[in-house]
Structure formats: structure tokens, C-alpha cells
Amino acid sequence: MPAQTARFINGDSVPIGKILCIGRNYVDHIHELGNEVPSAPVIFMKPASSVIYDGGCIVIPSYSGDCHHEAELAVLIGTRGKDIPEDRALAHVAGYGVAIDLTLRDVQAELKKKGLPWDIAKGFDTACPLSAFVPASAVSDPQKLQIHLSVNDQERQNGSTGLMIHPVAQIISHLSTIFTLEQGDLILTGTPAGVGPIVSCDRVVAEIPGVGRLGVTVR
Ligand code: MG
């Protein structure tokens with residue numbers, strides 16, 4: 001099976017490396033889940049095999065009864081870097097897109113309670129719907145974007161990336177002190193408020209005007 005790729009709107013593509021995800025990066029979303037504001041970014045990963053594309057189908061695993069949508073700005077890394085200074089961070093970005101960080105909330109709650117890793121709540125097949133990417137040059141300021149998500153044409157999420165606790169440049173810089181960032185790596189930058197459940201036959205559309213749009217259905 002070919003590796004999952006990040007696709008640009010002009011048709012170019014690059015194999016996806018690691019998918020690094022930031023949790024609890026918007027205060028209003030932290031409050032809706034009753035979590036504490038973290039002093040450092042919460043980091044977890046999804047495998048590239050969890051990626052599906054526009055028009056794809058979400059399959060909720062049988063071990064969960066509560067799958068939530070989290071619409072997020074996705075950042076595609078274009079050039080390799082380690083210990084990247086914040087003021088050079090955006091130069092490592094190849095493109096921006098829209099992702100949905102699907103989360104099995106019931107499974108995640110159990111794992112959190114036991115202090116166990118979140119992988120099976122966050123990394124299952126189809127857990128990372130991903131739009132096509134616009135080149136980084138098309139986005140003048142990644143902190144001035146609006147993230148929308150609707151389910152069956154009803155708006156659920158509508159939040160500005162200006163509300164991120166850790167902005168994109170800071171996230172890239174911080175992650176690069178832990179992981180060497182490489183071409184094809186993706187960063188999911190956290191979700192604004194309004195997360196909620198999706199069920200069979202729901203049509204989920206996530207959009208960031210100027211960046212991308214993504215429509216998927218739940219099997
Ligand atoms: Mg998330």
C-alpha cells in the first residue's frame with residue numbers, strides 16, 4: 001500500500017512522516033473539557049495510517065461509543081530542523097491545511113484516569129481527516145485564521161487561531177527541541193471550543209477560509 005501523502009492544491013504531494021499533535025491549546029476548549037491550562041504544550045502523535053482525505057469515510061471503532069470532532073489548523077513541515085529558533089520557525093513550513101483530530105472521548109477519559117497513553121483514542125484508522133494544503137506563502141499570518149466545523153450543516157466550531165495559547169512558531173520551535181522535524185511531518189495545532197460527538201451517517205465539514213476545506217462522512 002502506498003504511504004499516505006500530504007497533497008498540495010496544485011497536485012504536488014509529499015509522503016507524510018510523523019504527525020505531532022498539540023492538545024489543550026485554546027483556553028475555551030480546555031474549560032469545556034474541565035482540564036487545567038498546561039504550562040508546556042501537551043504533545044501526542046497519530047500514525048500516518050490514520051489519515052483520510054476529502055470525501056473519505058470515518059469508521060468509528062467498535063470499542064468506543066463517543067467519537068468527537070476537533071477541527072484544527074494543520075502545519076506541513078517542508079525543511080528539516082532541530083532546535084529551530086522561534087523567529088526562524090515559519091520558514092520551515094511548506095504549507096497549511098485543515099485537519100480533524102478525531103478523538104474517542106470515552107476511551108480517552110478511561111486512559112487518562114489510568115495514566116495510560118492515548119494512542120487507541122487518537123490514532124485509529126480514519127482518525128485524521130486531512131484537506132489539501134496551500135503553500136505557506138498563501139498564508140500571511142497563521143494566527144489570523146478562522147476555523148469552522150459543521151455537522152449536517154449545523155455549525156459546531158468557529159474559533160480564531162489568534163486564541164492559541166502557543167502560536168504556530170512557538171509550537172514548531174518547542175517540538176524541534178524534542179523531535180527532529182523533517183519534510184512531510186505534520187503538526188496539528190489544537191482545537192478551539194465546540195467539540196462534540198459524531199454518529200453514523202453524519203456529514204462533517206471543516207473549513208479554514210484561505211487554507212482549505214474538508215468534507216467527510218461517518219460510516
Ligand atoms: Mg486536538
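(A) View of the overall build of the chain. If you tally the helices and strands in the chain, you get four helices and 18 strands. A compact globule built from 219 residues would reach a C-alpha radius of gyration of about 17 Å, and the chain, at 16 Å, matches this within 12%. Across its three principal directions, the C-alpha atoms of the chain cover 40 × 40 × 35 Å. Per-residue burial over the chain gives 55% buried out of 219 residues. Accessible area of the chain: about 9,500 Å², with a carbon and sulfur share of 52%.

(B) Representation of the packing of aromatic side chains. Inspection of the entire model under this criterion finds one aromatic pair. Note that Arg 7 overlies the ring of Tyr 53, its terminal NZ or CZ placed 3.6 Å from the centroid.

(C) Quick look at the pairing of strand β3 (residues 19-23). Most of β3 sits inside the fold, with five of its five residues counted as buried. Where β3 lies against strand β4 (residues 42-46), five bridges are found, and the strand directions are antiparallel. Bridge pairing in β4 places Cys 21 opposite Phe 44. Here β3 pairs with strand β15 (residues 186-188) via three bridges, running parallel.

(D) Fine view of the environment of Ala 193. Position of Ala 193 relative to the elements: it lies in the loop between β15 and β16 (196-198). On the accessibility criterion, Ala 193 (22% relative accessible area) is partly exposed. Expressed as a C-alpha distance, the spacing of Ala 193 and Asn 158, which sit 35 residues apart in the sequence, is 7.7 Å. Other than its neighbours up to four places away in sequence, Ala 193 contacts Asp 28, His 29, Glu 32, Arg 156 and Gln 157.

Definitions and limits used
Residues numbered from 1 in each chain as written. Predicted model: local features only at pLDDT ≥ 70, side-chain atom pairs only at ≥ 80, totals over all residues. Heavy atoms only, no water. Helix = DSSP H or I, 4+ residues; strand = E, 2+ residues; numbered from the N terminus. Rg over C-alpha atoms; globule rule 2.2 N^0.38 Å. Buried < 20%, exposed > 50% of the residue type's maximum accessible area, 1.4 Å probe, protein only. Areas by Shrake-Rupley, 256 points an atom, 1.4 Å probe, with all protein chains shown as cover. Phe/Tyr/Trp six-rings, centres within 6.5 Å; stacked < 30°, edge-to-face > 60°. Lys NZ or Arg CZ within 6 Å of the ring centre and 35° of its normal. Pairing = 2+ DSSP bridges. Contact = heavy atoms within 4.5 Å.

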